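Overview (structure and organization)
Single-letter residue listing:
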Amino acid sequence: MKPLKTYTVDCLTFYCAVLVTSSIFVIRCTDAADDNSLPCPSPCRCQKGKTYESYGEVNRIDCSNLGLTSVPNLKLLEGSTKFNFLQLDKNEIEEISKDDFPPGMKIVILDLSSNKGVKISTDAFLNLGYSLRKMTVDAVDLVYNKTLDIFDGLFSLDELSLEHNNKKHPHVETKLFQGEVAKTLKSLTLAFCGIRTMSDDTLKGLESLEELNLSNNWLTSVPSTIKHLSTLKFVEFFYCRMKSLEDNDFSGLPKLDEIDLSSNAQLTNISDNAFSGCEDSLVNLNLQRCGLTKIPTKALHDLKKLTTLDISENNFKDVGASPLSGEYKLTHLVISSKNLKFDPDIFDGQEENIVDLSIPRMDLDTIPLGALKKLTKLYRLSLEYNNITTLPKDAFDGITATSIRLDNNPLSHIEKGAFNGLPSNLIISLRRTKMADIEFLLDYSEDAIDTVNLEHASLVCSCSMKEAINVTQTIKHVSGSCMKGDKTLHITSSKLGPILDQACEEEKGNNLGNTLLVPSNTLVVSLVLLFVTAQMGISL
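The rules behind the values
Residues numbered from 1 in each chain as written. Predicted model: local features only at pLDDT ≥ 70, side-chain atom pairs only at ≥ 80, totals over all residues. Heavy atoms only, no water. Helix = DSSP H or I, 4+ residues; strand = E, 2+ residues; numbered from the N terminus. Buried < 20%, exposed > 50% of the residue type's maximum accessible area, 1.4 Å probe, protein only. Contact = heavy atoms within 4.5 Å. Areas by Shrake-Rupley, 256 points an atom, 1.4 Å probe, with all protein chains shown as cover. Salt bridge = Lys/Arg side-chain N within 4 Å of Asp/Glu carboxyl O. Pairing = 2+ DSSP bridges. Disulfide = S-S within 2.5 Å. 1 Å grid on protein atoms, 1.4 Å probe; cavity = no way out; pocket = protein on both sides within 12 Å on 5 of 7 lines; lining within 4 Å. Points joined across faces, edges and corners; volume = space filled by probe spheres on them. Arc of directions from axis to C-beta.

**Concerning the overall build of the protein chain**
Across its full length, the protein chain carries six helices and 31 strands. Counting every position in the protein chain, which comprises 540 residues, the buried fraction comes to 46%. When contacts within the protein chain are restricted to residue pairs at least 6 apart in sequence, long-range pairs at least 24 apart make up 55% of them. When the accessible area of the protein chain is evaluated, it comes to approximately 26400 Å², of which 50% is carbon and sulfur surface.

If you want it as structure tokens, here you go:
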């Protein structure tokens, strides 16, 4: 048996196991897409010059998922002229110390995720202090019962992810960060960490933090520690256990412009002053899939900068009069609830602001024209995931939208003229509907429709499609396909014409056959008379 060998072909390295016996020659290779001109620690795979986010050109040193029990020898990277992205994730590394990272390696991104139980010495990253800007330390069994001093000396760290740690210490009662990292860190992720409570000091000292992700924890209320984050711009509490938002929960955060509280099914109450302090900063608020029984009109009223609001898939029972009136000007709104009625005044106060409106998953079977007609600036209207089966003539009459999305509705019939009254150059999306034909495109002016998306619909390559296909030549963008037996053809395919001609001949033949098989009334009467007279022995 011959030893393992490395074969290089056209600058790509193939790691090959070669087995030779008296009658068998086997080569087993994997393409590592390596660059041989780049110093590459064994047994890692290296790639030169890929652009990563805002770091510019970065060499990738991929040592992930190799079953490593220790950090490989990285001395080859000393004196690097370019930044490096070092991947050590998905291994079984037992210990990490300062000696594992020689100085001068210019590591800008480091991923240590999924090395469960790894022991990291306090000074392990000291030689990376001035180069490291992004670090991922997910799922390594870190515990938040003391200051995370392993990060103290990272003078340039912008982003730190610590997801899936701390599973057995739900009450965080200590200050997590100190030293230089507390001054530079801008983005921190503590998602999936089983956190139930956080002390007031937990995040104190993070004087530059702009983004905080606390999603998928067990928090029932907004932790007071975030009030120390005066530079915070975005906070995420997706899928926590929030029950209510209390007065001044977000005070002391003058730069906070986005809050994500989506998928907190137990969040039923938002106090009138919950967003106090964010009146001049909050732009984007996500309350999707919460347990709200009413639109928090008073809590939203003073949010002057609010432009994007998602209050879809809640449990609104009585929204009251003009529930969206306030000092804000919404341009993007997502709203829905099984019990919500679109009264004509539901958008009062926002009639001249809303540009993009989405009404998903409400079991709507008709278009709420009365309310939509009032939106004078409406450009995009989405009614996805509803129960619309038919669009009658003038279904959208009086609406200003140029883009209409009806994806994922059981829509099977569109009457001619359904899109009358809409602006020209209309964009229509009918993906994953049950439309079997495209005859609804007939009888519109040449510039009425710009784009039609019928992908994954139920179109059949039938003779009736032939006339409509000619119409689609005047539409700039048509996507979708139709079925003819076991063939699937794009509706702009040059091969579709003959298929439709064949379908017409088949349908003509079927119709002729039916005519011959079905006797006329006169013929039926004559046959009956012949039968009766024969039985009576009468000659006609």
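Next comes the rest of the description.
**Re the pattern of salt bridges**
If charged atoms from side chains of opposite charge come close, those side chains can pair. By the definition in use, this model includes 19 salt bridges. Here Asp62 makes a salt bridge to Arg45, at a shortest N to O gap of 3.4 Å. Here Asp62, found in strand S5 (residues 57-62), pairs with Arg45, found in strand S4 (residues 45-51); they are 17 residues apart in sequence, far enough to count as distant. Each of Arg45, Arg60 and Asp62 takes part in one network of salt bridges that share partners.

**Let's talk about the pairing of strand S31 (residues 487-490)**
One ladder, built from four bridges, connects strand S30 (residues 477-484) with S31; its direction is antiparallel. Bridge pairing in S31 places Ser481 opposite His490. The hairpin formed by S30 and S31 contains two residues between the paired strands, and Gly485 there has a positive phi angle of roughly 65°.

**Focus: the state of the cysteines**
Note on terminology: disulfide describes a covalent bond linking the sulfur atoms of two cysteines. Tallying each qualifying case throughout the model produces four disulfides. What pairs with Cys44 in a disulfide is Cys63, and their sulfur atoms sit 2.0 Å apart. One disulfide, between Cys44 and Cys63, carries an S-S torsion of 105° and so falls in the right-handed class. Of this pair, Cys44 sits in the loop between strand S3 (25-31) and S4 while Cys63 sits in the loop between S5 and strand S6 (83-87), and the two are 19 residues apart along the sequence. By relative accessible area, which is 2% here, Cys44 ends up buried. Judged by its relative accessible area of 0%, Cys63 is buried.

**Examining unusual backbone geometry**
Comment: phi is negative for the bulk of residues other than glycine, and the bulk of peptide bonds are trans. Here Ser42 and Pro43 are connected by a cis peptide whose omega angle stands at 5°. Note that Pro43 resides in the loop between S3 and S4. In this structure, Asn65 takes a positive phi of about 55° despite not being glycine. By the secondary structure assignment, Asn65 is in the loop between S5 and S6. According to the relative accessible area criterion, Asn65 is exposed, its value standing at 57%. Even without a glycine there, the phi angle at Asn216 is positive, about 55°.

**Observations regarding the pairing of strand S8 (residues 107-111)**
Counting buried positions over the five residues of S8 gives five, a clear majority of the element. In the sheet, S8 pairs with strand S10 (residues 134-136) via three bridges, with the strands oriented parallel. Bridge pairing links Asp111 to Thr136 in S10.

**Focus: the layout of surface pockets**
In this structure, the largest pocket encloses a volume near 250 Å³. Around the largest pocket, the lining is made up of 15 residues, and of these Ile120, Leu142, Lys146, Asp149 and Ile150 lie nearest the centre.

**Some thoughts on helix H4 (residues 465-472)**
Along an α-helix, residues three or four apart share an orientation, since each turn contains 3.6 residues. By the burial criterion, the buried members of H4 are Met465, Ala468, Ile469 and Thr472. Relative to the axis of H4, the buried residues are bounded by an arc of 110° and lie together on one face. What points out from H4, more than 90 degrees from its buried face, is the exposed set Glu467 and Asn470.

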